[in-house]
Each structure stands twice: as structure tokens, then as C-alpha cells.
Amino acid sequence: MLKEKFLTLIGKYSEDKVYNLECWDEIEKKYSSKSRHYHNLEHIENMLEELNKIESKVDNLDCLLFAIFYHDIIYISTKSDNEHQSALVFEKRISKTSFDKIEECMSQIQATKDHKMSSDNDTNILLDLDLSVLGKSQEEYIKYSKAIRKEYSIYPDFMYEKGRTKVLKSMYEFDFIYKTDLFRKEYETQAKRNLLFELNLLN
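Right, let's walk through the structure included here. This one's a predicted model, so the numbers in the text were calculated from it and none came from an experiment.

Focus on the environment of Ser-153
Item 1. Tracing the sequence through the fold places Ser-153 in the loop between helix H8 (138–151) and helix H9 (157–172).
Item 2. For Ser-153, a relative accessible area of 55% puts it in the exposed group.
Item 3. For Ser-153 and Ser-77, which are 76 residues apart along the polypeptide, the C-alpha to C-alpha distance reads 9.1 Å.

Okay, here's the thing in C-alpha cells:
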């Protein structure tokens, strides 16, 4: 499903089927790395499923879809510029097609670093899709938090717990975790509950 969806998307802007497949193979390889326990193809699938609920509110669907596929193509737990590097991979790949919203899409990808409210509607939708897991059942949230811990297994507990606490606190202190009304209504309360649950476990 993911492969077909991506090839259909890029196929609108490139007739070079060999190149299009090369782009997909790179995505599949990166997201299937053994170090990926959460930021993998399942994460992309989940975002695309969530997108179905809000698709009618999207201004430029293709731009948003490219951002979903590329936003975590680079993910190294010891680095702090993954979003920027992911945007650069997107730019390198998709600038060889006729797609003309490269800068807008790069901006969306880079916004997933800080998850701040944007003046751009589609960016806010992307951020909500990316964090939708926070508002799922506690059981699903625990699975997610364990997967994140595995991705940061290079760090000892005391370092991980300090860093994770900082990240969770900053999200918990947002006026709203979710930027769009739909996601706020569906997930905000449970997301706050889940964040508090993990913060209590960490401390």
C-alpha cells in the first residue's frame, strides 16, 4: 500500500519509473533500518490513516504527502538536525521531478522538529498527524514509549530519563498539543493524560 501510494504520488511529477522506484527504495531502506523501532514504515502508515479523517481540510495534499514520506527519512538518535537533513534529502530527490512546491514541503518537514503552531494550515495538520500516537489508548502509548526507548538505547537510563523528561514536559506545557480542532477534540485529553503517566514513571 505505501509503495503504491508513493509511486502514484511521485508518478504525477516524474515519468521516469526507474528513478521513482529508486526514490521509494531509499525511503523503504531508511525507514526499515534495524535502529528504527518507532520512526519506521508503520509510523508512516499510521499518519496516512489519520490523514483520512482530515483530508478535506488539506490545502495541498501532494505537498503534505511528500512531507509525510520524507519527514523522518533521516533519523539518528544522537543527532539534533534530523529534520533539516530529511528536508535536504527530499529536496535532492524531488527537485529532479516537476513538483514545484519544494520550499513549502521542506518547511513542513523542518517544522516537525519543534512542533510549534504554524501560520500554515497544512503544516499544523502534519504536526498533528505526527503526534497522533500521543492521544491513543494508554496501552498503545506504552508500546510507543518503549519503542522510543529502544531507539535511544545508546544512552544509559539516567541520561535518557533526563532528556525524555525535558521533551515530555515541554509538550505537556503547550497550551494545546494539537493544532487543529479535529485532533484537539479527539486526542488532546488522552494525550495530556498519557504524557503525565510517562512523566510520573520517569520520576
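What follows continues from the structure just given.
Things to note about the environment of Phe-158
Item 1. Structurally, Phe-158 can be placed in helix H9.
Item 2. By relative accessible area, Phe-158 is classed as exposed at 63%.
Item 3. Here the alpha-carbon distance between Phe-158 and Leu-202, two residues 44 residues apart in the chain, equals 9.6 Å.

Brief notes about the packing of helix H2 (residues 17–31) against helix H4 (residues 61–70)
Item 1. For the pair H2 and H4, the least separation of the axes is 10 Å and the interaxial angle reads 45 degrees. With respect to their mutual orientation, H2 and H4 come out oblique. Every residue of H4 that contacts H2 at Cys-23, Trp-24, Ile-27 and Tyr-31 is listed here: Ile-68, Phe-69 and Tyr-70.
Item 2. Within the contact of H2 with H4, the residues separate by chemical class into seven nonpolar, no polar and no charged.

Digging into the packing of aromatic side chains
Think of a pair of aromatic rings as described by two things: how far the centres are apart, and how the planes are tilted against each other in angle.
Item 1. Tallying each qualifying case throughout the model produces 17 aromatic pairs.
Item 2. Look at Tyr-13 and Phe-99: their rings are 5.1 Å apart centre to centre, the planes differ by 75 degrees, and that puts the pair in the edge-to-face class. Remark: Phe-99 occurs in the loop between helix H5 (82–94) and helix H6 (102–111) and Tyr-13 occurs in the loop between helix H1 (2–11) and H2; sequence separation between them is 86 residues.
Item 3. Overall, the relative accessible area of 5% leaves Phe-99 in the buried class.
Item 4. Ring geometry for Tyr-152 against Tyr-160: centres 6.0 Å apart, planes inclined by 45 degrees, an arrangement best described as tilted.
Item 5. Residue class for Tyr-152 comes out partly exposed when judged on its relative accessible area of 22%.

Here is what the cut-offs are and how they apply
Residues numbered from 1 in each chain as written. Predicted model: local features only at pLDDT ≥ 70, side-chain atom pairs only at ≥ 80, totals over all residues. Heavy atoms only, no water. Helix = DSSP H or I, 4+ residues; strand = E, 2+ residues; numbered from the N terminus. Buried < 20%, exposed > 50% of the residue type's maximum accessible area, 1.4 Å probe, protein only. Axes fitted to C-alpha atoms, helices over the stretch in contact; angles between N-to-C directions. Parallel < 35°, antiparallel > 145°, perpendicular 65-115°, else oblique. Contact = heavy atoms within 4.5 Å. Nonpolar A, V, L, I, M, F, W, Y, C, P; charged D, E, K, R; others polar. Phe/Tyr/Trp six-rings, centres within 6.5 Å; stacked < 30°, edge-to-face > 60°.

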